[in-house]
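Next come the chains, spelled out residue by residue.
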Amino acid sequence: MVAPIPVGLSTASVWPQNAAAGFQIAGALGYDGVEVMVWADAISQDVDALRRCARNHGVPVLAVHAPCLLITQRVWSPDPEVRLRRAVEAAMDLNAPTVVVHPPFRWQRRYADKFSDLVESLEDESGVAIAVENMFPVKPLARARSVSAFKPSIDPTEAGHRHYTIDLSHTAAAQEDALALAKRMGTGLKHVHLADGSGAPRDEHLVPGRGTQPCGEVLEMLAANGFDGQVVLEINTRNARNPAERAKDLAESLLFARLHLDHHQGNSGTGSEATE
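Notes on the structure follow. All residue numbers refer to positions counted from 1 along the written sequence of the respective chain. Side-chain atom pairs in this predicted model are given and counted only at pLDDT of 80 or more, local residue features only at pLDDT of at least 70, and totals for whole chains, interfaces and linings cover all residues. Just so you know, side-chain values use all the structure's heavy atoms and leave hydrogens and water out.

## Comments concerning the environment of Asp41
When you line up the elements, Asp41 lands in the loop between β2 (33-37) and α2 (47-57). For Asp41, a relative accessible area of 17% puts it in the buried group. Sequence-wise, Asp41 and Ala19 are 22 residues apart; in three dimensions their C-alpha atoms are separated by 7.2 Å. Pairs of residues are marked as contacts when any of their non-hydrogen atoms sit within 4.5 Å. Not counting the four nearest positions on each side in its chain, Asp41 is found in contact with Asn18 and Ala19. Working definition: helices are DSSP H or I runs of at least four residues, strands are E runs of at least two. Numbering for both runs from the N terminus. Residue burial is assigned from relative accessible area. The probe radius is 1.4 Å, only protein chains are included, and a residue is buried under 20% of its type maximum, exposed over 50%, and partly exposed in between.

Set out below in structure tokens:
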């Protein structure tokens, strides 16, 4: 029997709660693990604290998301190379198989120039898959057209890497064909940020099935093609009115993922227990 594709929860999905809450909710709902978004939250930066969370809730760390957002430019270090190295070290310490990283910003010139070689060498040294994520253009207030803040572009397949993350909220914001992008990533696609978007030029991270993206089709295609990475729900629940509403959205998202993955994997479980 083919091993089921693990479905994890990004700790970003419980913001403004902290990473510890992400582990607790993931365990309670029946997720297979978590992706740790490293940002201002002190627990997300502390490997020992994360290890305790994983042990206490019986929820492994599937991936570490390096701190590469604009708001995390000084987490661990102001040097983006140091931040990426620290993320890889954290993944090794936590037995996480994957690190998620964004392409370099255009103004990070020295980092951008050596980014591809750096990612390759870190993978060789660590055995951790460093999955470079697709992004989306932004429209500065003073400009009429959207521009890419990333080098060489928002599409990591243009640079060429061993491993990729596809984010379906980002494909929506970029008005990118998600199925075509997944096919370009090919066997290098190692990690999925499962979310939805309306096609508006902003990063919405909707519950899958509530937007325009072919979320189910992408999952079914990957399952049919022997995908050996992880699917992680990275949705926005900050507008949830109470913990029960947040848990409902996260349970619905888990069920969506498992139903579409199981459609081709032939597993008997659907994760329906997570909605009870």
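## Describing the pattern of salt bridges
The salt bridge definition used is simple: a Lys or Arg side-chain nitrogen within 4 Å of an Asp or Glu carboxyl oxygen. Counted under the stated rule, the structure contains 15 salt bridges. Here Arg85 ties to Glu81 by a salt bridge, and the two come within 3.1 Å at their closest N and O atoms. Placement of both Arg85 and Glu81 in helix α3 (residues 80-93) is noted, with a separation of four residues, approximately one turn of the helix. Among the charged side chains, a network of salt bridges with common partners joins Glu120, Glu123, Asp124 and Arg162.

## Thoughts on the packing of α3 against helix α4 (residues 109-126)
Fitted lines through C-alpha atoms give the axes, limited to the stretch in contact for helices. The angle between two N-to-C directions lies from 0 to 180 degrees. One way to put it is that α3 packs onto α4 with a least axis distance of 11 Å and a crossing angle of 20°. By the angle class used here, α3 and α4 are roughly parallel. Relative to α4, the crossing made by α3 is right-handed. Contact residues: Pro80, Glu81, Leu84, Arg85, Val88 and Met92 in α3; Tyr111, Lys114, Phe115, Leu118, Val119, Leu122, Glu125 and Ser126 in α4. For this classification, the nonpolar set comprises Ala, Val, Leu, Ile, Met, Phe, Trp, Tyr, Cys and Pro, the charged set comprises Asp, Glu, Lys and Arg, and every other residue, Gly included, is treated as polar. For the contact of α3 with α4, the residue count by class is nine nonpolar, one polar and four charged. By definition in this entry, angles of less than 35 degrees are roughly parallel, angles greater than 145 are roughly antiparallel, angles of 65 to 115 are roughly perpendicular, and the rest are oblique. Helix crossings fall into two classes, left-handed where the near helix is turned counterclockwise from the far one by less than a right angle and right-handed where it is turned clockwise.

## Some remarks on the sheet that holds strand β1 (residues 7-10)
Strand pairing is assigned whenever DSSP detects at least two bridges linking the two strands. Read around the barrel, eight strands follow the order β1-β2-β3-β4-β5-β6-β7-β8 and close on themselves; strand pairing throughout is parallel. Across this sheet, the average inter-strand angle for adjacent strands is 25°, counted without regard to direction. Across the sheet, helix α6 (residues 178-185) lies against β6 (163-167) and β7 (189-194), angled at about 170° from β6, the strand it touches most.

## Thoughts on empty space enclosed by the protein
Lining residues are those with an atom within 4 Å of a point, where the points come from a 1 Å grid over the protein atoms alone and group into cavities, where a 1.4 Å probe fits but cannot get out, or pockets, open sets with protein on both sides within 12 Å along at least five of seven lines. Grid points are joined across faces, edges and corners, and a volume is the space filled by probe spheres set on the points. For the structure on display, the rule yields two cavities of 30 Å³ or more. Put simply, the largest cavity is a space of about 80 Å³. Lining the largest cavity are 14 residues; nearest its centre among them are Pro67, Cys68, Pro80, Arg83 and Tyr111. If you tally residues by element for the lining of the largest cavity, the top one is α3, at three residues. Along the lines of polarity and charge, the residues of the lining of the largest cavity split into 10 nonpolar, three polar and one charged. In this model, the second largest cavity occupies a volume close to 30 Å³. As for the second largest cavity, its lining consists of Asn134, Met135, Ile154, Asp155, Thr171, Ala174, Glu176 and Leu181. For the lining of the second largest cavity, the class distribution of residues is four nonpolar, two polar and two charged.

## Brief notes about the packing of aromatic side chains
Aromatic contacts are taken between Phe, Tyr and Trp rings whose centres are within 6.5 Å, Trp giving its six-membered ring; a plane angle under 30 degrees counts as stacked, one over 60 as edge-to-face, and the others as tilted. Summed over the entire model, instances satisfying the criterion amount to three aromatic pairs. Relative to Trp107, the ring of Phe105 lies with its centre 4.5 Å away and its plane at 5°, an arrangement referred to as stacked. By relative accessible area, Phe105 is classed as buried at 6%. You can call Trp107 exposed: its relative accessible area is 53%. A ring pair is formed by Tyr111 and Phe115, whose centres lie 5.4 Å apart and whose planes are at 70°; its orientation type is edge-to-face.

## Considerations on α2
Within α2 the residues assigned to the buried category are Val47, Ala49, Leu50, Cys53 and Ala54. One side of α2 carries all its buried residues, which in axial view fall inside an arc of 160°. Along α2, exposed side chains directed more than 90 degrees from the buried face belong to Arg55 and Asn56. The inward-facing, buried residues of α2 abut α1 (19-29), β2 and α3. Note that the arc is defined by the directions from the helix axis to the C-beta atoms.

## Some details on α3
Here α3 is 14 residues long and its end C-alpha atoms lie 20 Å apart, about the 20 Å a rise of 1.5 Å per residue gives. Taken together, the buried positions of α3 are Pro80, Glu81, Arg83, Leu84, Ala87, Val88, Ala90 and Ala91. Buried residues belonging to α3 abut α2, β3 (61-65), β4 (98-101), α4 and β5 (129-133). Whenever two N or O atoms come within 3.5 Å, that pair is a polar contact, provided that in protein one can donate a hydrogen and the other can accept it, and provided that, for residues adjacent in sequence, both atoms are side-chain atoms. By the N-cap criterion, in which a side-chain oxygen at the helix start approaches the backbone nitrogen of a residue two or three places on, α3 is capped by Asp79, the distance to Glu81 being 2.9 Å. After α3 finishes, the residue Asn95 shows a positive phi value of roughly 60°. Each residue after the first adds 1.5 Å to the expected span of a helix.

## A closer look at a nonpolar patch on the surface
Patch membership requires more than 30% relative accessible area and the absence of a salt bridge. Residues of like charge join within 9 Å; the nonpolar side chains Val, Leu, Ile, Met, Phe, Trp and Tyr join within 5 Å. Computed with the Shrake-Rupley method and a 1.4 Å probe, the accessible areas treat only the protein chains shown as cover for residues. A cluster of nonpolar side chains, contributed by Leu70, Ile71 and Trp107, occupies part of the molecular surface with about 400 Å² of accessible area. Within the secondary structure, Trp107 sits in the loop between β4 and α4.

By themselves, these observations are geometric and do not establish any function.
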